[in-house]
Amino acid sequence: MATWLYRLGLGAYRRRRLVLAAWLAVLTGAVCALLVVGGKLDNAFTIPGSESQRAQDTMAKDFPAAAGTSAQIVFTAPEGTKVTDPAASRGIQRTLAAAQDAPQVAAVIPPDRAGTVTPDQRTALAQVTYDADRADLDDGTLDTLEATTAAAEEAGLEVSVGGQAYGSGVLTPSVLELLGVLVALAVLAVTFGSLLAAGMPLLTAFVGIGTGLAGLLTLSSGVTVSSTALSLALMLGLAVGIDYALFVLSRHRTQLAQGMTPRESAGRAVGTAGSAVVFAGTTVVIALVGLLVVRIPFLTVMGLSAAATVLIAVLVAVTLLPALFGLAGSRLAPRPGSRAARRAAVVSGEVPEGGAERSKGKAAQGAVPAGGTEEAREKAAQGAIAEGTHRATGRAAGGAIGEASGKAAKETTGRAAGGAAQEATGKATAGAAKEAAGGVSQEATGRAAEEATAKAASKTVGEAGGKITGKTAGQVGGKTAGKTAGQAGGKTAGKTAEEAAGKTAHDAPAKASVMGRRWARLVTRRPLLVVVGSVAALVTLALPAADLRLALPDNGTAAHGTSQRETYDRVGAAFGPGFNGPLLVLAEADTPGDTGQQQAAAVAGRLRELPGVVKVGRPQYAPESGRAVIQVVPEGGPQDESTQDLVDAIRGDAAVIERETGTAVSVTGTTAIGIDVSDRLTASLLPFAAVVVGLCLILLLLVFRSLVVPVKATIGFLLSVGASFGAVVAVFQWGWLADALDVARTGPVVSFLPIVLMAVLFGLAMDYEVFLVAGMREEWVRTGRAGDAVIDGAGQASRVVTAAALIMFFVFASFVTSEDAIVKPIAFSLAFGVLVDAFVVRMTLVPAVLAMVGRGAWWLPRGLDRLLPDLDIEGARLHRPPRTGPAQSPTDITVGAD
C-alpha cells in the first residue's frame, strides 16, 4: 500500500494543476446539483418492523389526521380572569377558526370538546392535526399557524404554539461553533510556525466538507436525511479533514527540512503518513458503516453520511494535498533557525539532545544550521566523531576518540572541531582506533566501520551528547588529546557490542529533549504505578454509566425561550406531563359496524383500569374497517420510565383484551415509536460493541503483527468509551455542570448516542494508536531495544498526535454550544472521549503498558506471522535513497514524526 500511495503522491505532485481542476470541478458540481435539486431535512424517527410502526402505517389508511403530526395551542388567561369569559372565549374561537383555514390543517379540536380546560379555567389547550408527517409540512406552515393567534392575544390572552409538529428543529451552525475552526488554525500555526502551512489543512478540510455536505443535501431530496446526520458529518468531516492533512503535511515539512526535494518528499509523505491516514480513515468508515446492523433507517443514513465525509477527507489528503505541495514547492520548508527546522534536524540525526538550544553560540563548530541544507549536512558530517559501537559513535567528544574504528575514525576525527584539535587528533587517530578496537568485540568494530560514516553526522564535537555545551572546540580538542588510545579502549573494554550500543551517542539525536519524550520517560519510569493509576481514574469516571438511561429527545429538551419549549412547560404545569406525549391505541375489531364500535368502547373502558393512566379519550371509529383510535394520556412524560411501563402493560394485556373484547390492540404514536427506537438501540448496543471490538483486534493485529498491542488498544478503547458514557450521565442526567454547559433539561440521554460515540471514537482512537505505536514499532525493528523504542517512538509522534487531538477536541467542543438537544450531548461525548483517549490512554497508558511488557509487546507466533499479510503502513519499502535530491542515505521515517 505504501508503494502505491507513494506513486499516487508523485503523480498528484507532477499533475498538480489537473488534480486541482478535478477537485474544483467536483466541488462545483456538488454545489450546482444542490442548487438545482435542492434538499430538505427530515428529523422524523421511524423504526420499520416494530409494533408501533406497523400500527402507525395501518392507522394512516383510516385516520390520516391521527397518523400525521399535530400541534398544540395553549391559551392562558391573566390572573383573576378565565378563558371562559366572553371576550376571551371569542378570541379563542376566532383563533381556532383561523387555524382551521391554515395550510395543511386536517382538523382542529377545541378545548371544550377535548376536555382540556383546567379546573380554575385559566388555561385551555386546543389541538391542531395535520394529515402529513412533520417532514412533509411545507415551509411557512407553522409560521402561518402562529399568526392565527393574533385574535386571542388581542383579547388579552397569553398564547403559545408547540407540539410534535415542531420537533427539535434544524441545526444551523452559529458563530460560537465556528470558533473551533479558529482554535484549530491557532493550533496549526503553533505546530508549524507558518501561516502558509497552517492554512493548508483548513483549505483541504473545507474542500472535503463542502463536497460532502453539498452532496448529502442533494441526496436529501430523495432520501430521508436528518439534521443530526448533517451535523455529525460536519463535525467529523471538519475534524478528520484537518487531522489527516496535518499528519501528511507534518511529514512533508520534516523531510523538506532534512534536505529532501519537494517532489520526492511529497511522494514519501503520502506513502508513509498517507498509509496511516488511509488505514485510520478506513477504520472510521467501517465503524460508521457498521451502524447498518442496527436496522434503523435514520441511523443508517447518519452512519453512511458521516462515512462518506470521512472517505472524502482521506481522498483529499492523498491527492489534493500533494498537488498543493507542488504549488507551494520549497516554501513549505521550515525557515532556517526555526523550531520546526531544529526539530527536523533532531529527527534526521543532525542535532543531538539539547544541543540545538544550549550549545548555540558556545561550541565553535557544534551547531548544525537548522535549515537542514545539503551544505550544512556535509559540514556536520565532517565534524562528527565516530566511536566504534554497535550502531553509532558513542561519546567521542567526551574523551573517547579511540573508540572510533577503521575508516570511520580516519575520515571523521581529522575534521573534528573544525581544526581546533588538529594536533591531538592527528597523533591519536590511527593508533587509537586500533587499540580501541581491541577493547571492543570484532563484530562491533566491523559494524562501526560500515555504519559510523552514515550515522556519525548526528554527533558533532561541539554538541556531544549535550554534555559539553558551552565548551569551545579547542577545549574539546584538548580534552580529547589528553585521552590516550589505551584509555579510550579501556573505557569500553569488556563490554559486548550490545552493551556498548545501549550508551552510544547515536541515541542522542533520536532522544531529543522534547516534551513528548520527557513525558514518555516519566510514565515508563514507574509503569505499574502509572497503569494502576490510569485505569483506576478511568474506571472511576465510568462509574456513572451504570445509571445510563436512553430515550429520544422531545420538546422538553428544546432550548429555553423557544415556542415549543414554552408550550411544553405550560402544558405540563397545567394538565400534567402526560399531555405532552399521549399514546395512541389502535383497536381492530373482528366485526365492523355497530358491533365493532361497541367493542372499541369496551377496549377504552379496559384501558382506563390500567395503572398510570390519567385520561382515555373517546374512540375515533371507522365503521367500514372496524378500526378505532383511542388516545391514552399517561401519568408521566414522554421520557419517564412510568410511560414506558404503561406501554409494556398495554402490550402485555393485549392478549387478555382481545380475548375479552374480540379486538386486537397495538400501541403507537410518537411516544411509543420513540420508546421502540430506544429499545432497539439498547438491544443493539452489545452486538455492535462486539463488532467494533473484534474489528479493533483484527485490524491492529494486521498492522502491528503483535498480540499485546491489539489487546492493550482494545481495552484502552473500552476504558475511553466507559469514561465518556460516565461523563455524559453525570452532566446530562445528574446535572453536573449543566448550567455551565447550558443544558436545557436533564434526563435520559439521546438513545443513539452510545452507538454513534462508539463508532466515531473507535476510528479516532485507532488514528492515535497507529500514529503513536507505529513509531515505537519502527524503532523496535531498527534497534531491537524495547524500552528505548517506546520512548523514541512516543517522542517522535507526540507533537503531531497532541496537535491532532487538540484540534479534534476544540472542533467537537465548539458544537457543545449548540442548542440542539441531540447534537449537544453527542458533541460533548466526542470531545471528552477524544481528550481522554488521546492523553490518558494513548500517551500515558500505552507507553506504560509496553514498557512493562518489554520485548513481549512485539511477539507474534511464527505460524500466525506467516499467515498475516504485511500491510507496511510505516513505508519500510520506501526507505531507500531518493531518486533525486541530495546524495544521502535517507533516514528512517516514522509515521507521525514532525
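Scroll up to find the structure this text is about.
A brief look at the structure comes next. Computed from a prediction, not measured in an experiment: that's the story for all the values here.

Scoring rules and cut-offs
Residues numbered from 1 in each chain as written. Predicted model: local features only at pLDDT ≥ 70, side-chain atom pairs only at ≥ 80, totals over all residues. Heavy atoms only, no water. Helix = DSSP H or I, 4+ residues; strand = E, 2+ residues; numbered from the N terminus. Buried < 20%, exposed > 50% of the residue type's maximum accessible area, 1.4 Å probe, protein only. Areas by Shrake-Rupley, 256 points an atom, 1.4 Å probe, with all protein chains shown as cover. Contact = heavy atoms within 4.5 Å. Core = buried A, V, L, I, M, F, W, Y, C linked by side-chain atoms within 4.5 Å. Pairing = 2+ DSSP bridges. Axes fitted to C-alpha atoms, helices over the stretch in contact; angles between N-to-C directions. Expected span 1.5 Å × (residues − 1). Phe/Tyr/Trp six-rings, centres within 6.5 Å; stacked < 30°, edge-to-face > 60°. Lys NZ or Arg CZ within 6 Å of the ring centre and 35° of its normal. Parallel < 35°, antiparallel > 145°, perpendicular 65-115°, else oblique. Left-handed = near helix turned anticlockwise from the far one by under 90°. Salt bridge = Lys/Arg side-chain N within 4 Å of Asp/Glu carboxyl O. Patch = residues over 30% accessible without salt bridge, like charges linked within 9 Å, V, L, I, M, F, W, Y side chains within 5 Å. Lys, Arg positive; Asp, Glu negative; His and termini not counted. Charge placed at Lys NZ, Arg CZ, Asp CG, Glu CD.

1. Focus on the overall build of the protein
Okay, step 1: Each helix and strand counted, the protein has 35 helices and 11 strands in total.
Okay, step 2: In the protein, which comprises 898 residues, the share counted as buried stands at 59%.
Okay, step 3: Total accessible area on the protein is roughly 34400 Å²; 59% of this is exposed by carbon and sulfur atoms.

2. Quick notes on the environment of Leu681
Okay, step 1: Along the chain, the position of Leu681 falls in helix H30 (residues 670–704).
Okay, step 2: Linking Leu681 and Leu299, residues 382 residues apart in sequence, is a C-alpha distance of 9.8 Å.
Okay, step 3: In this view, Leu681 contacts Val294, Ile296, Leu299, Ser751, Phe752 and Ile755; residues no more than four positions away in its chain are not counted.

3. With respect to the nonpolar core
Okay, step 1: Of all hydrophobic cores here, the largest spans 156 residues; its most connected members are Leu236, Tyr244, Leu288, Leu299, Phe325, Phe752 and Phe812.
Okay, step 2: Broken down by element, the residue count for this core peaks at 20 residues, all from helix H32 (residues 753–783).
Okay, step 3: Setting aside residues no more than four positions away along its own chain, Tyr244 makes contact with Val277, Ala280, Gly281, Val284, Val310, Ala313, Val314, Ala317 and Asp767.
Okay, step 4: Phe75, Ala132, Ala152 and Val159 belong to the second-largest nonpolar core, a separate cluster that totals 26 residues.

4. Regarding the sheet that holds strand E4 (residues 158–162)
Okay, step 1: On the basis of which strands lie adjacent, the open sheet formed by 4 strands has the order E2-E3-E1-E4 and antiparallel pairing. Looking at which strands have only one partner, the edges of the open sheet turn out to be strand E2 (105–109) and E4. The sheet shows a mean angle of 20 degrees between the axes of neighbouring strands, taken without regard to direction.
Okay, step 2: Across the face of the sheet, helix H5 (residues 86–100) comes into contact with strand E1 (70–76), E2 and strand E3 (123–130) while running at roughly 160 degrees to E2.
Okay, step 3: Each of E1, E3 and E4 touches helix H26 (residues 563–575); the most contacted strand, E4, lies at about 110 degrees to it.

5. Quick look at helix H31 (residues 708–733)
Okay, step 1: Here H31 contains 26 residues, and its C-alpha end-to-end distance of 37 Å stays within 8% of the 38 Å for a straight helix at 1.5 Å per residue.
Okay, step 2: Of the residues one or two after H31, Gly735 is the one with positive phi, at around 90 degrees.

6. Here we look at the packing of aromatic side chains
Okay, step 1: A full pass over the atoms with the stated rule returns 8 aromatic pairs.
Okay, step 2: When the centroid spacing of 5.6 Å and the interplanar angle of 45 degrees are considered together, the rings of Phe575 and Phe579 count as tilted. Per residue, the accessibility class of Phe575 equals that of Phe579, and both read buried.
Okay, step 3: Taken together, Phe732, Phe828 and Phe832 form an aromatic cluster joined through their ring pairs.
Okay, step 4: Cation over ring: Arg16 sits above Tyr13, and NZ or CZ is 5.2 Å from the ring centre.

7. A look at the packing of helix H1 (residues 2–14) against helix H12 (residues 262–289)
Okay, step 1: Interaxial distance between H1 and H12 falls to 7 Å at its minimum, and their mutual angle equals 135 degrees. Classified by the angle their axes make, H1 and H12 are oblique. Both H1 and H12 take part in a crossing whose hand is right-handed. Facing H1, whose interface residues are Ala2, Leu5, Tyr6, Gly9, Leu10, Tyr13 and Arg14, H12 presents Pro262, Arg263, Glu264, Ala266, Gly267, Arg268, Val270, Gly271, Gly274, Ser275 and Val278.

8. Digging into the pairing of strand E10 (residues 663–668)
Okay, step 1: Counting buried positions over the 6 residues of E10 gives 5, a clear majority of the element.
Okay, step 2: For strand E6 (residues 583–589) and E10, the ladder comprises 6 bridges, and the chain directions are antiparallel. By the bridge assignment, Val585 is partnered in E10 with Val667.

9. Observations regarding the environment of Ala67
Okay, step 1: Along the chain, the position of Ala67 falls in helix H4 (residues 64–67).
Okay, step 2: Judged by its relative accessible area of 9%, Ala67 falls in the buried class.
Okay, step 3: Setting aside residues up to four positions removed in sequence, Ala67 forms contacts with Gln56, Met59, Ala60 and Asp133.

10. What about the pattern of salt bridges?
Okay, step 1: Under the definition given, this model contains 18 salt bridges.
Okay, step 2: Of the charged contacts in the structure, one is a salt bridge between Glu79 and Arg122, with a shortest N-O distance of 3.2 Å. With Glu79 in the loop between E1 and H5 and Arg122 in the loop between helix H6 (111–114) and E3, this pair connects stretches of sequence that are 43 residues apart.
Okay, step 3: Ionic contacts of the salt-bridge type, sharing partners, join the residues Lys712, Glu769, Asp837 and Arg842 into one network.

11. Let's talk about unusual backbone geometry
Okay, step 1: A positive phi angle, near 60 degrees, is found at Gln121, a position not held by glycine.
Okay, step 2: Here Gln121 shows up in the loop between H6 and E3.
Okay, step 3: The backbone phi angle of Asp742 is positive, close to 55 degrees, even though this residue is not glycine.

12. Some details on a negative patch on the surface
Okay, step 1: Residues Asp133, Asp136, Asp138, Asp139 and Asp143 make up a contiguous surface patch of negative charge.
Okay, step 2: By the element assignment, Asp136 lies in the loop between E3 and helix H7 (141–147).

13. Brief notes about the packing of H12 against H30
Okay, step 1: Between H12 and H30, whose axes approach to 11 Å, the crossing angle comes to 160 degrees. As far as their axial angle goes, H30 and H12 are roughly antiparallel. The handedness of the crossing between H12 and H30 is right-handed. Contacts between H12 and H30 involve Phe279, Thr283, Ile286 and Ala287 on the former and, on the latter, Phe688, Leu695, Leu699 and Val703.

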